[in-house]
Amino acid sequence: MTYAEQDSRPATPPDAAADAAPDAAARRDWAWRRLTTPIGPLLLAATREGLVQVVFHADERTVRGALARLEQFFGGPPLAEIPHLTTAAAELTAYFDGELRSFTVPLDWSLSSGFNARVLHALAAGVPYGSVVGYQDLADRVGEPGAARAVGAAMGSNPLPVVVPCHRVVASDGGIGGFGGGLETKRLLLALEGVLPAPLF
């Protein structure tokens with residue numbers, strides 16, 4: 001099965017702030033596309049360093065807002081294509097087809113920093129496909145045993161969901177916990193990886 005891709009257009013979103021662009025020396029190349037998947041359309045954005053953002057529920061309004069923020073952050077409009085974007089789309093398609101368990105596309109962590117970045121790095125490196133981890137366990141792994149709630153906030157800040165698998169972080173009471181993409185999306189991802197039974201309908 002091949003999921004439809006919609007190529008990006010290097011057009012400035014109408015609500016982007018015209019006076020927010022940094023000087024030319026600070027600008028970075030980036031590109032985006034929308035990928036249709038079983039959990040709904042995803043917006044993918046990448047720089048020359050790697051995949052930088054994945055956005056759930058990428059309808060027109062969500063896309064416009066995300067592109068305006070990215071254009072402001074990177075200091076200019078997107079390019080038509082960047083190689084890491086093609087790699088990310090191909091790997092995500094293979095993941096949703098059940099043919100890929102570990103992503104190799106390089107990641108650009110520009111949109112995460114501090115404690116959140118530490119937690120997300122630990123998650124990406126230490127919680128493989130088909131497994132789950134508790135918020136408290138993840139706090140322990142980064143040397144902050146009192147920070148289970150902050151780990152939850154870090155998951156909510158994740159700019160690279162699915163690829164950096166915040167859907168694999170669950171509550172200690174056996175519940176699946178929260179999820180920025182919605183609980184049904186989290187259930188579908190965990191079912192895809194065999195952690196939960198597949199939905200009947």
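Computed from a predicted structure; not experimentally measured. (Residues numbered from 1 in each chain as written. Predicted model: local features only at pLDDT ≥ 70, side-chain atom pairs only at ≥ 80, totals over all residues. Heavy atoms only, no water.)

When helices and strands are tallied, the protein shows six helices and six strands. Along the protein, from the amino end to the carboxyl end, the secondary structure elements read β-β-β-β-α-α-α-β-α-α-β-α. The buried share among the 201 residues of the protein stands at 45%. In the protein, once contacts between residues fewer than 6 apart in sequence are set aside, the share between residues at least 24 apart is 65%. When the accessible surface of the protein is summed, it comes to about 9800 Å², and 54% of that surface belongs to carbon and sulfur atoms. (Helix = DSSP H or I, 4+ residues; strand = E, 2+ residues; numbered from the N terminus. Buried < 20%, exposed > 50% of the residue type's maximum accessible area, 1.4 Å probe, protein only. Contact = heavy atoms within 4.5 Å. Areas by Shrake-Rupley, 256 points an atom, 1.4 Å probe, with all protein chains shown as cover.)

Assignment of secondary structure puts Ala 45 in strand S3 (residues 42–47). Along the sequence, Ala 45 and Ala 66 sit 21 residues apart, while their C-alpha atoms lie 9.5 Å from each other. Excluding residues that lie within four positions of it along the chain, Ala 45 makes contacts with Ala 31, Trp 32, Leu 51, Val 52, Gln 53, Leu 70 and Leu 85.

Interhelical geometry of helix H3 (residues 114–126) versus helix H5 (residues 148–156) gives an angle of 80° and a closest axis separation of 9 Å. Here H3 is positioned roughly perpendicular relative to H5, judged by the angle of their axes. Of the residues in H5, those in contact with Phe 115, Asn 116, Val 119, Leu 120 and Leu 123 of H3 are Ala 150, Val 151, Ala 154 and Met 155. In terms of residue class, the contact of H3 with H5 is built from eight nonpolar, one polar and no charged. (Axes fitted to C-alpha atoms, helices over the stretch in contact; angles between N-to-C directions. Parallel < 35°, antiparallel > 145°, perpendicular 65-115°, else oblique. Nonpolar A, V, L, I, M, F, W, Y, C, P; charged D, E, K, R; others polar.)

At His 57, a residue that is not glycine, the phi angle is positive and equals roughly 50°. Following the sequence through the fold, His 57 ends up in the loop between strand S4 (51–55) and helix H1 (60–74). For His 57, a relative accessible area of 39% puts it in the partly exposed group. At Val 162, a position not held by glycine, the phi torsion is positive, near 75°. Here Val 162 lies in the loop between H5 and strand S6 (169–170).

Now for the packing of aromatic side chains. This model, assessed by the stated rule, comprises six aromatic pairs. Between Tyr 95 and Phe 103, the ring centres sit 5.4 Å apart and the planes meet at 40°, which makes this aromatic pair tilted. There is no split in this pair, since Tyr 95 and Phe 103 are both buried. Measuring from centroid to centroid gives 6.1 Å for Tyr 95 and Tyr 129, while their planes differ by 85°, and the two rings are edge-to-face. Taken as a pair, Tyr 95 in helix H2 (residues 83–96) and Tyr 129 in the loop between H3 and strand S5 (133–134) lie far apart in primary sequence, 34 residues in all. Residue class for Tyr 129 comes out buried when judged on its relative accessible area of 15%. (Phe/Tyr/Trp six-rings, centres within 6.5 Å; stacked < 30°, edge-to-face > 60°.)

What follows is about the nonpolar core. In terms of nonpolar packing, the biggest core is built from 42 residues, with Leu 44, Leu 123, Leu 138, Met 155 and Val 162 touching the most fellow members. Going through the elements one at a time, strand S2 (30–35), S3, S4, H2, H3, helix H4 (135–141) and H5 are the ones with two or more residues in this core. Core analysis: the next-biggest nonpolar cluster, separate from the first, contains 12 residues, Trp 30, Val 52, Ala 66 and Phe 74 among them. (Core = buried A, V, L, I, M, F, W, Y, C linked by side-chain atoms within 4.5 Å.)

Within S3, six of the six residues are buried, which leaves the element mostly enclosed by the surrounding structure. Residue alternation in S3 divides its side chains into two sets, Leu 42, Leu 44 and Ala 46 and Leu 43, Ala 45 and Thr 47, and both sets are buried. As paired elements, S2 and S3 share six bridges and run antiparallel to each other. Its bridge partner being in S3, Trp 30 is matched across the sheet by Thr 47. Where S3 lies against S4, four bridges are found, and the strand directions are antiparallel. Within the sheet, the bridge partner assigned to Leu 44 lies in S4 and is Val 54. In this antiparallel pair of consecutive strands, S3 and S4, the connection spans three residues, and Gly 50 shows a positive phi of 160°. (Pairing = 2+ DSSP bridges.)

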